[in-house]
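If you want the building blocks of each chain, they are given just below.
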Amino acid sequence: MVSDSEKPSKNPSNDSGVIFSGMRPRGLLHLGNYLGALQNWVELQNDYRCIYCVVDIHAHTTVETPSEIAEIQPNIEVMVLDWLAAGIDPEKSIVFVQSQVPEVMTLNTLLGMVTPLGWLMRVPTFKDKVRQMNETEESVNYGLVGYPVLQTADIILYKADTVPVGQDQVPHIELAREIVRRFNNRFGETFPEPQAKLTEEPLIVGLDGQQKMSKTLDNHVELAATPEETTKRVLTAFTDPQRVRRNIPGRPSVCNVYSLHQIFSPKEEVAAVYEECTTAQRGCVDCKRHLADSINRYLEPLRERRREFQQRPGYVREVLEHGANQAREIARETIQEVYQKMGLS
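Values in this document were obtained by computation on a predicted structure and should not be read as measured data.

Cut-offs used in this document
- Residues numbered from 1 in each chain as written.
- Predicted model: local features only at pLDDT ≥ 70, side-chain atom pairs only at ≥ 80, totals over all residues.
- Heavy atoms only, no water.
- Helix = DSSP H or I, 4+ residues; strand = E, 2+ residues; numbered from the N terminus.
- Contact = heavy atoms within 4.5 Å.
- Expected span 1.5 Å × (residues − 1).
- Bend = angle between axes of the 7 residues up to and from the residue.
- Buried < 20%, exposed > 50% of the residue type's maximum accessible area, 1.4 Å probe, protein only.
- Phe/Tyr/Trp six-rings, centres within 6.5 Å; stacked < 30°, edge-to-face > 60°.
- Lys NZ or Arg CZ within 6 Å of the ring centre and 35° of its normal.

J.: It is not clear to me how the environment of Pro 192 should be interpreted in this structure. Could you clarify?
T.: On the secondary structure map, Pro 192 appears in the loop between helix 9 (170-187) and strand 5 (195-198). Along the chain, Pro 192 and Arg 177 lie 15 residues apart, while their C-alpha atoms are 8.5 Å from each other. In this structure, Pro 192 is in contact with Ile 156, Lys 159, Ala 160, Asp 161 and Val 180, ignoring residues within four places of it in sequence.

Pasting the structure below:
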């Protein structure tokens, strides 16, 4: 158990508005997750009242097998441990699991009454997901079609007005704004229209040098990996395909290892990497070992915090339970207001 002084604050910062963002329960996070989203979440805590959610209900739109379903709960705790280690502060932010606030499903149903099916079928990410699943639009589950409605419910249940997203998620936020606008027009001003806060998400190419870093593609480096595991992974990274011998000068501009050096190595070391690569003074294996050392230095503070949290049994669960209590308090007030506006109470 944690003391009252260690429990999440009931009064997070609210200087600029209310942020809502969520992640599916992915288990251990990797460098791409950190640089693409998590690092930004941490910084937003300084200026916004932040609400961060593990969207486990959303996960069921694509999981099918018993093994996939069994992974959801274990994945939650290890992912949130990564959140906390990265700097998500439960004294500043509300951190909880989506399914622990059932009011979101109530609002999802009610928003479905004002959302035309045609709006959902036109969402580009829906069509992309159907293709990825090798399904037809007629065969996918209702939850996948209605994903943007539940996403809208996630956001506006807490009267959030700002959602940090990448460019590919902007259509979902635009749809959320349309749903809110229609609800407000029909039942009276109730919800703020959420604004997309575009984040600069650096494209972190995986160790294969070809595609975005992804656990599915097994081209990733986990935040919680040991230094030895990190080095072993980085040594598998692809480099300049034309540099088949050490005495051939390299081309940093086409080498993903060099691009990762630019993120994780100090500037003076990046300059040395470039010079020694282009003059064939440094081999690719040495360059990868150097990169692994840089990544390990970069992640050591995070990994140390993670080890400290792991030594506090029950801490993550208590953070999530307290966060759910905070979220439910807000959610109940919102649903009561919605019921009144819709003539349901």
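Next, the rest of the story.
J.: How should helix 3 (residues 66-86) be read in this particular structure?
T.: Note on helix geometry: an α-helix contains 3.6 residues per turn, so any two residues three or four positions apart are oriented the same way. Taking 1.5 Å per residue, 21 residues should reach 30 Å; helix 3 reaches 31 Å between its end C-alpha atoms and fits that length. Along its length, helix 3 shows its largest kink, about 35°, at Pro 74. Along helix 3, the positions that sit buried rather than exposed are Ile 72, Asn 75, Ile 76, Met 79, Val 80, Leu 81, Asp 82, Trp 83, Leu 84, Ala 85 and Ala 86. Backbone geometry just after helix 3 places Gly 87 at a positive phi near 125°.

J.: Could you clarify how one ought to interpret the packing of aromatic side chains in this entry?
T.: What describes a pair of aromatic rings is the distance from one ring centre to the other and the angle between the planes of the rings. Following the criterion strictly, the structure yields 10 aromatic pairs and no others. Measuring from centroid to centroid gives 5.6 Å for Phe 96 and Tyr 158, while their planes differ by 65°, and the two rings are edge-to-face. Residue Phe 96 is found in strand 3 (residues 94-97), and its partner Tyr 158 is found in the loop between helix 8 (147-156) and strand 4 (162-165); the two are separated by 62 residues along the sequence. Phe 96 sits in the buried class, given a relative accessible area of 1%. Consider the rings of Phe 264 and Tyr 298, whose centres lie 5.0 Å apart with planes at 85°: the pair is edge-to-face. Separated by 34 residues along the polypeptide, Phe 264 in helix 11 (residues 256-264) and Tyr 298 in helix 13 (residues 284-310) bring together distant segments of the chain. Ring-pair connections join several aromatic residues into one group, and the members of that group are Phe 20, Phe 96 and Tyr 158. Sitting over the face of the ring of Tyr 315, Arg 312 holds its NZ or CZ atom 4.2 Å from the ring centroid.

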